[in-house]
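Reading the structure
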Amino acid sequence: MQVKLLNLHKLLSNIATNLVGAFIPLIVFNATGKLLYGIIAYSLQYVIRTIVNYLFKNLFLNKPQLSLVYRIIPIILYSVSILLIDKYLWVGIVGAVFFYGASEAFKNLPKEVIYNYSTLENAGDGIGLTRLFEQIGTLAAFIVGGYILDISKVTVIIISLSIYAVSCIPLLVYYFKSVNQVGFNKDFTSNAREASKKNEKRFNQGVKVGKKIIASYMVTYFLYCFVDALTTAYMLLIMVKGQGNYSQAGIFTAVYNGAYGIGAYLFGILFDKKDTTGWVIACSLIMAGGVMGIAFAQNVYLLYVLFAVVGFAYGLLPLFMFQNLLAKIRILGMSNRALVEREYACGMSVAVAILFGSFGTLLPVFIAISSALAITAYRMPYNESKTRRLLVNYLQNNEIIQEEKRVFIHKK
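Computed from a prediction, not measured in an experiment: that's the story for all the values here.

Glancing now at the overall build of the protein chain. Of regular secondary structure, the protein chain possesses 19 helices and zero strands. Considering the protein chain as a whole, with its 412 residues, one finds that 54% of them fall into the buried category. Pairs at least 24 residues apart make up 85% of the contacts formed inside the protein chain by residues separated by at least 6 positions. When the accessible surface of the protein chain is totalled, it reaches about 17500 Å², and 65% of it is carbon and sulfur.

Here it is in structure tokens:
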């Protein structure tokens, strides 16, 4: 039940918050006339998001439903800040960047925690469907928000706040109905993990293995999440060239997010039926080529196709990573820790990626994203093999390692 309510919240809240918030780097660029300020604003949003995740992680883990309700506070504050930009430039810019970053922190980790608490089975179609709901909301917001921003910031902010308030009501009701239930908002753990608590050495070994698995995933997340800077980098690019406005920028981003949502849903169905490792390699390389195509393409219809292809292919990567991470780390009873550190890695990845545009041109951003995706084609399968090996060795008391040592000695 809670997953259905979460999907409804994602649909409505993504419409609400992306109507204006997603355009903040463009608003900063237009207000200052400086590309560097737009880039710094976007990077700082993710730095602030990471800091807020660190400061409020206990709230996000223990009361994720209430965290989504509390999010309305930074939403109101960044909305007011945007309105101040025209009159008090830097007060408005600083407030918009800071509070939007805080708003994203109050969204991303709590919703993933709710999903973790609500789904004990790792069904690919389940996470694919929830990603589809996210992207439907995002798609609608970019199209509508882009057009309304060209007309009136006040109107879009009023609509945004109203929709978000409505989106929180079902989850809030569910929280108060379920808060006293045993196991509500509790991290999943396995029988193997519970049994290991009787042996301190074995338990500590499990913690050590869990940390290694999480660290390996974080490196992979940091690499491929460079692509999350793609749409903002392109929106800034067309603004710098004087070839676009908010509505046009919104359409390109809507195409990308719509294709991503469809891809996530379809790949989610495929994930439950087949080994998708080979698909991950292919999608990563297709995305790497598509990103470079976007950087140089001039024909608007070709751009729509490239954004759709990159977005659709991207649908598999987060699904593959998230489902495999949860499947492994839940066995060790460390899924909450994994979700927190996943947020750190993703946030700092985008913050770093966009800074490649600080040299006066945005081309290095596209090169960095493309290069990171090319490396991901190797890194993601390697990460799965490495972390699976770590977990199996732990669960089997290192029998595999010992057997390989015996084979190695025998060959010598």
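When the terminal C-alpha atoms of helix 17 (residues 335–354) are compared, their 29 Å separation across 20 residues agrees well with the 28 Å that a helix rising 1.5 Å per residue should span. With respect to burial, helix 17 is a largely interior element, 15 of its 20 residues being buried.

What follows concerns the pattern of salt bridges. Within this structure, the stated rule accounts for seven salt bridges. Here R49 and E343 are joined by a salt bridge, their closest N and O atoms 3.1 Å apart. Of this pair, R49 sits in helix 3 (residues 35–55) while E343 sits in helix 17, and the two are 294 residues apart along the sequence. E343 shares its class with R49; the two are buried. Residue E104 pairs with K107 through a salt bridge whose shortest N-O separation is 3.4 Å. You can see E104 and its partner K107 sitting in helix 7 (residues 89–118), three residues apart, about one turn around the helix. The same class applies to E104 and to K107, which are both buried. What you see here is one network of salt bridges that share partners, running through R71, E104 and K107.

Another point: helix 15 (residues 300–314). Note that an α-helix has 3.6 residues per turn; residues three or four places apart therefore point the same way. Over its 15 residues, helix 15 extends 21 Å from the first C-alpha to the last, a length consistent with the 21 Å expected when each residue adds 1.5 Å. Looking only at helix 15, the buried set comprises L303, L306, F307, V310, G311, A313 and Y314. For helix 15, the buried positions fall inside an angular range of 165 degrees around the axis, keeping them on one side. Backbone nitrogen of Y301 and a side-chain oxygen of the N-cap are separated by 2.9 Å at the start of helix 15; the cap is N299.

Okay, the nonpolar core next. Ranked by internal contacts, the top residues of the largest apolar core, which has 106 residues, are Y221, L230, Y234, I294, F366 and I369. For Y221, the contacting residues outside a window of four places in its chain are M321, F322, L325, R342, A345, C346 and S349.

The next subject is the environment of G210. Structurally, G210 can be placed in helix 11 (residues 200–224). Classification of G210 by relative accessible area gives buried; the value is 0%. Linking G210 and G333, residues 123 residues apart in sequence, is a C-alpha distance of 8.7 Å. When near neighbours in sequence (up to four residues on either side) are disregarded, G210 contacts I329, L332 and M334.

On to a nonpolar patch on the surface. Taken together, the side chains of L36, Y37, I40, L44 and W90 present a nonpolar region at the surface, about 440 Å² in accessible area. Ranked by residues supplied to the nonpolar patch, first place goes to helix 3 with four residues. Taking the relative accessible area as the measure of exposure, I40 reaches 35% and is therefore partly exposed.

It is worth spelling out the side chain of S349 at this point. Mapped onto the fold, S349 is located in helix 17. Its relative accessible area of 0% is what places S349 among the buried residues. Setting aside chain neighbours within four positions, we find S349 in contact with Y221, F222, C225 and F226.

With that settled, the discussion passes to the confidence of the model for the protein chain. Looking at the protein chain as a whole, the pLDDT averages 81, with 76% of positions reaching at least 70. Least confident of the elements in the protein chain is helix 19 (residues 399–411), whose mean pLDDT is 49; most confident is helix 14 (residues 277–296), at 95.

How each quantity is defined
Residues numbered from 1 in each chain as written. Predicted model: local features only at pLDDT ≥ 70, side-chain atom pairs only at ≥ 80, totals over all residues. Heavy atoms only, no water. Helix = DSSP H or I, 4+ residues; strand = E, 2+ residues; numbered from the N terminus. Buried < 20%, exposed > 50% of the residue type's maximum accessible area, 1.4 Å probe, protein only. Contact = heavy atoms within 4.5 Å. Areas by Shrake-Rupley, 256 points an atom, 1.4 Å probe, with all protein chains shown as cover. Expected span 1.5 Å × (residues − 1). Salt bridge = Lys/Arg side-chain N within 4 Å of Asp/Glu carboxyl O. Arc of directions from axis to C-beta. Polar contact = N/O pair within 3.5 Å; in protein donor to acceptor, adjacent residues only side chain to side chain. Core = buried A, V, L, I, M, F, W, Y, C linked by side-chain atoms within 4.5 Å. Patch = residues over 30% accessible without salt bridge, like charges linked within 9 Å, V, L, I, M, F, W, Y side chains within 5 Å. pLDDT = per-residue confidence, 0-100.

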